[in-house]
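Close look at the chain arrangement
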Amino acid sequence: MNKLTVVILAAGEGTRMKSFLPKVLHKLNGRPLIRWVLSAVAPLKPGKSYIVVGHDKKQVCSELSKDKVIFVEQKKQLGSGHALKQVERYLKRYKGNILVLCGDVPLIQKQTLSNLVSIHKKQNNAATILSSMIDNPFSYGRIYRLPSGQVRGIIEEKDATDRQREIKEINSGIYCFSSPVIWDALKKIKSDNKKKEYYLTDAISFLSDMGENIGAYPNAKFEEILGINNRADLARAEKIVRGNILKNLMLNGVTIVDPENTYVSSQAKIGTDTVIFPGTVIEGKTSIGKNCRIGPYSYIKDSVLADNVEVVSSYIYSSSISKRVKIGPFSHLRPGTKVKEGAKVGNFSETKNSTIGAGSKVNHLSYIGDSYLGKHVNIGAGTITCNYDGVKKYKTIIGDRSFVGSNVNFVAPVKIGPETLIGAGSTITNNVPKKHMAIARARQVNKVKKKK
Ligand code: UD1
Ligand code: CA
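The numbering scheme is per chain: residues are counted from 1 as the chain's sequence reads. Going through the entries in the order they are written, you letter the chains from A and number the ligands from 1. It should be noted that, the model being predicted, local features are given only for residues of pLDDT at least 70 and side-chain atom pairs only at 80 or more, the latter also being counted only at that level, while totals for whole chains, interfaces and linings use all residues. Values shown for side chains rest on all heavy atoms present in the structure; no hydrogens or waters enter the calculation.

Quick notes on the environment of Ile282
The way it works is that DSSP assigns letters per residue, a run of H or I at least four long becomes a helix, a run of E at least two long becomes a strand, and they are numbered from the N terminus. Here Ile282 lies in strand β16 (residues 280-283). Among the residues examined, Ile282 registers a relative accessible area of 0% and is labelled buried. Put simply, Ile282 and Val408 are 126 residues apart on the chain and 34 Å apart in space, counted from C-alpha to C-alpha. Each residue gets one of three labels from its accessible area relative to the maximum for its type: buried under 20%, exposed over 50%, partly exposed in between, using a 1.4 Å probe on protein chains only.

Here you go:
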């Protein structure tokens, strides 16, 4: 019995979330809850993974459309036992182990799951429950053991007596079952309880009645089995994840000035001696090099920053920033921006789909879109690339060592050669050859003021 199949129960309505989004698609550290569960089981290399869906199944199926999972519909949400039963027709003749998890328990660790499965096999159990000892067991099912210590069943909070409520060993909602015997036990469960639901937890006492071995592995950390039932639980999980990520970064040589006010995605990488100041959010697959200074108040998503970069109070999306670049304060780098070594994008400047060459400066109040700036280009304050005619986008190219005065408009498509000089206030509509100077503005007229 070495085979392993995974079943994730995710059909519950998640009423307590008070949301139009299915519960398992709510995001934790930027990833849907169900993805956390899938990532935890993946290292166990299960043969097949089934996901029981019901409420808003379309959205869940479309989120996971590229994953190797099999969706099974539970038409009516009649309880967790009824949910597992939906998979019976696929696994009736399957001889092996079934790891059952809940889609709303995202922090479970792969090591705990693999320990659970090993113990299940070693003890030759029909069911092994992942349990945990906690001080405040409120709302969880309690593990009921005989005086000998033998597990006899699980009692739900709502159906427990006051005495049973004092039990501190709780059910995580994660189990390893043996097939096919689990299907015999599920046939026996009824909905004669306070919630009028078919409880999966009742299968335990039936298996025990059938003389099967039952075990519980009480070593799950409470954090791992935190179930997300409402948005307060979600915030609690978020805090745990964030704390773990930041601690790990700090232990690996990153300074986080204020961990309470710093948010870093689990997919982000940050190099040694980089300092992250408060109010900074680093999302997605961002990679930040060594010795950078990021923040305060910066937002960086899906971007690559090399070593010795400084970012102050700026937004950076899907961009790539080379060594020794300075960004901000108050810059907005939109997708496709490449800022080369030693360049600077400063106050109130916006860039999009553009390259800013090495040593170039876009220091004040500019918009650079669909442009290529060579090396050591100086862009004067208020310069704008007019890249859009209402229908199409066009390119502006500015050669190396060109000097652009303040408040210039480049009406794209336009090509400016290297070492040019563009007079302040020009609206440039034609190409400028290399080493030329261009001025395109009305001449100033000074007239004597008329007396009134
Ligand atoms: C369940 C357990 C409880 C345990 C707790 C741990 C039962 C009866 N109780 O309670 O012992 O301590 O988890 O978090 O199982 N689901 C369906 N279809 C349904 C009903 C539920 O797929 O018709 C799924 C839910 O999406 C969820 C899981 O089953 O993933 C558990 O259901 P939930 O209603 O959250 O049970 P709890 O009250 O949390
Ligand atoms: Ca739950």
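A closer look at the coordination of the calcium ion (ligand 2)
Distances from the calcium ion (ligand 2) to its protein donors, Asp104 (OD) and Asn229 (OD1), fall within 2.7 to 2.8 Å. With Asp104 in the loop between β6 (96-102) and α5 (110-122) and Asn229 in the loop between β11 (214-217) and α9 (231-251), the pair connects residues that are 125 residues apart, well separated along the chain. Accessibility classification places Asp104 together with Asn229 in one group, the buried group. As a rule, N, O and S atoms within 2.8 Å of a metal are its donors, except that Na, K and Ca use 3.2 Å; water is not among the atoms, so sites may look incomplete.

Remarks on the pairing of strand β7 (residues 127-133)
Across a regular strand the side chains alternate sides, sitting on one face of the sheet and then on the other. Burial within β7 is extensive, with six of its seven residues counted as buried. By this definition, two strands are paired if DSSP reports at least two bridges between them. Bridging between β7 and strand β10 (residues 169-179) involves seven bridges; their strand directions are antiparallel. What sits directly across from Ala127, in β10, is Phe177. Judged from the four bridges that link them, β7 and β11 form a sheet pairing that is parallel. Directly across from Ala127, in β11, lies its bridge partner Ile214.

Here we look at the environment of Ala160
Locating Ala160 in the fold gives a position in the loop between β9 (151-155) and α6 (162-165). The class of Ala160 is buried, set by a relative accessible area of 9%. Throughout, a residue-residue contact means that at least one pair of heavy atoms, one from each residue, lies within 4.5 Å. Apart from the residues lying within four places of it in its own chain, the contact partners of Ala160 are Ile155 and Arg165.

With respect to the site of ligand 1
Summary of the distance rule: residues count as near a molecule or strand when at least one heavy atom falls within 4 Å of that molecule or strand. The environment of ligand 1 is formed by 22 residues, the closest being Leu9, Gln74, Ser80, Glu156 and Asn171. Between Gly12 and ligand 1, the recorded distance is 2.9 Å, taken from a backbone N or O atom to an oxygen atom. Between an oxygen atom of ligand 1 and a main-chain N or O atom of Asn171, the distance comes to 2.6 Å. Protein contacts shield 91% of the accessible area of ligand 1, which totals 750 Å² for the unbound molecule. Counting residues per element, the ones that place at least two in the shell around ligand 1 are β1 (4-10), α3 (80-85) and β10. Throughout this description, a polar contact denotes any pair of N or O atoms lying within 3.5 Å of each other; where both atoms belong to protein, one of them has to be capable of donating a hydrogen while the other can accept it, and for residues adjacent in sequence the pair is counted only when both atoms sit in side chains. Values of accessible area rely on a 1.4 Å probe in the Shrake-Rupley scheme; residue burial ignores everything except the protein chains shown.

Topic: the sheet that holds strand β17 (residues 287-288)
Taken together, nine strands build an open sheet; the order of strands is β14-β17-β20-β23-β26-β29-β32-β35-β38 and the sheet is parallel. Looking at which strands have only one partner, the edges of the open sheet turn out to be β14 (269-270) and β38 (414-416). Where strand β35 (residues 396-398) meets β38, three bridges bridge the pair, whose relative direction is parallel. The partner of Ile397 across the bridge, within β38, is Lys415.

Notes on the domain arrangement of the chain
Boundaries of every domain are those given by an automatic assignment or by a domain database. Once the domains are mapped, the chain shows domain 1 (4-225) and domain 2 (231-438). Relative placement of domain 1 and domain 2: their C-alpha centres are 47 Å apart. Across the boundary between the two partners, domain 1 contributes 13 residues, which contact 13 residues of domain 2. At the boundary of domain 1 with domain 2, total buried surface from both sides reaches about 1000 Å², with 58% on carbon and sulfur atoms. Buried area is calculated as the accessible area (1.4 Å probe) missing from two parts once they are joined, with the contributions of both summed. Summed over the three residues of domain 1 that lose the most area to domain 2, namely Met17, Leu28 and Asn29, the buried surface amounts to 45% of that side.

What about a positive patch on the surface?
Patch rule: a residue counts if its relative accessible area is over 30% and it has no salt bridge; like charges are joined within 9 Å, and nonpolar side chains (Val, Leu, Ile, Met, Phe, Trp, Tyr) within 5 Å. Salt bridge criterion: a side-chain nitrogen from Lys or Arg within 4 Å of a carboxyl oxygen from Asp or Glu. In this tally Asp and Glu are treated as negative and Lys and Arg as positive; neither His nor the chain ends contributes. Charge placement uses NZ in Lys and CZ in Arg. For Asp and Glu, CG and CD serve respectively. Side chains of Lys57, Lys58, Lys75 and Arg89 sit close together on the surface and give a patch of like positive charge. Mapping Lys57 onto the fold places it in helix α2 (residues 57-63).

Things to note about the packing of helix α7 (residues 181-188) against helix α8 (residues 202-209)
Packed helix pairs are specified by the crossing angle of their axes together with the interaxial distance, meaning the distance between the axes. Packing of α7 against α8 leaves a shortest axis separation of 8 Å and a crossing angle of 110 degrees. One way to sum up the angle between α7 and α8 is to call them roughly perpendicular. The handedness of the crossing between α7 and α8 comes out as right-handed. Contact with α7, carried on its side by Val181, Ile182, Ala185, Leu186 and Lys188, involves Ala203, Phe206 and Leu207 of α8 and no other residues of that element. All residues other than Ala, Val, Leu, Ile, Met, Phe, Trp, Tyr, Cys, Pro, Asp, Glu, Lys and Arg, Gly among them, are scored as polar; the first ten of these are nonpolar and the last four charged. Residues that form the contact of α7 with α8 fall into these classes: seven nonpolar, no polar and one charged. Inter-axis angles, ranging from 0 to 180 degrees, are taken between N-to-C directions of lines fitted to C-alpha atoms, where helices are fitted over the stretch in contact. Working definition: roughly parallel below 35 degrees, roughly antiparallel above 145 degrees, roughly perpendicular at 65 to 115 degrees, and oblique for all remaining angles. Crossing chirality is assigned from the near helix's rotation relative to the far helix, an anticlockwise turn below a right angle marking it left-handed and a clockwise turn marking it right-handed.

Let's talk about the environment of Ile70
The residue Ile70 is located in strand β5 (residues 70-73) in this model. When the C-alpha atoms of Ile70 and Ile8 are compared, they prove to be 10 Å apart, with 62 residues separating the residues in sequence. Sequence-distant contacts of Ile70, that is, excluding residues within four places in its chain, are made with Lys48, Ser49, Tyr50 and Ile51.

Details of the packing of aromatic side chains
Planes of paired rings set the category: under 30 degrees apart is stacked, over 60 is edge-to-face and the rest tilted, where pairs are Phe, Tyr or Trp rings (Trp by its six-membered ring) whose centres lie within 6.5 Å. For the structure shown, the criterion picks out seven aromatic pairs. Residues Tyr140 and Phe222 carry aromatic rings whose centres are separated by 6.0 Å and whose planes lie at 80 degrees to one another, so their mutual orientation is edge-to-face. Of this pair, Tyr140 sits in the loop between β7 and β8 (142-145) while Phe222 is found in the loop between β11 and α9, placing the two residues 82 residues apart along the sequence. Classification of Tyr140 as buried rests on a relative accessible area of 16%. Note on Tyr315 and Tyr317: the rings are 6.4 Å apart at their centroids and 25 degrees apart in plane angle, and the pair reads as stacked.

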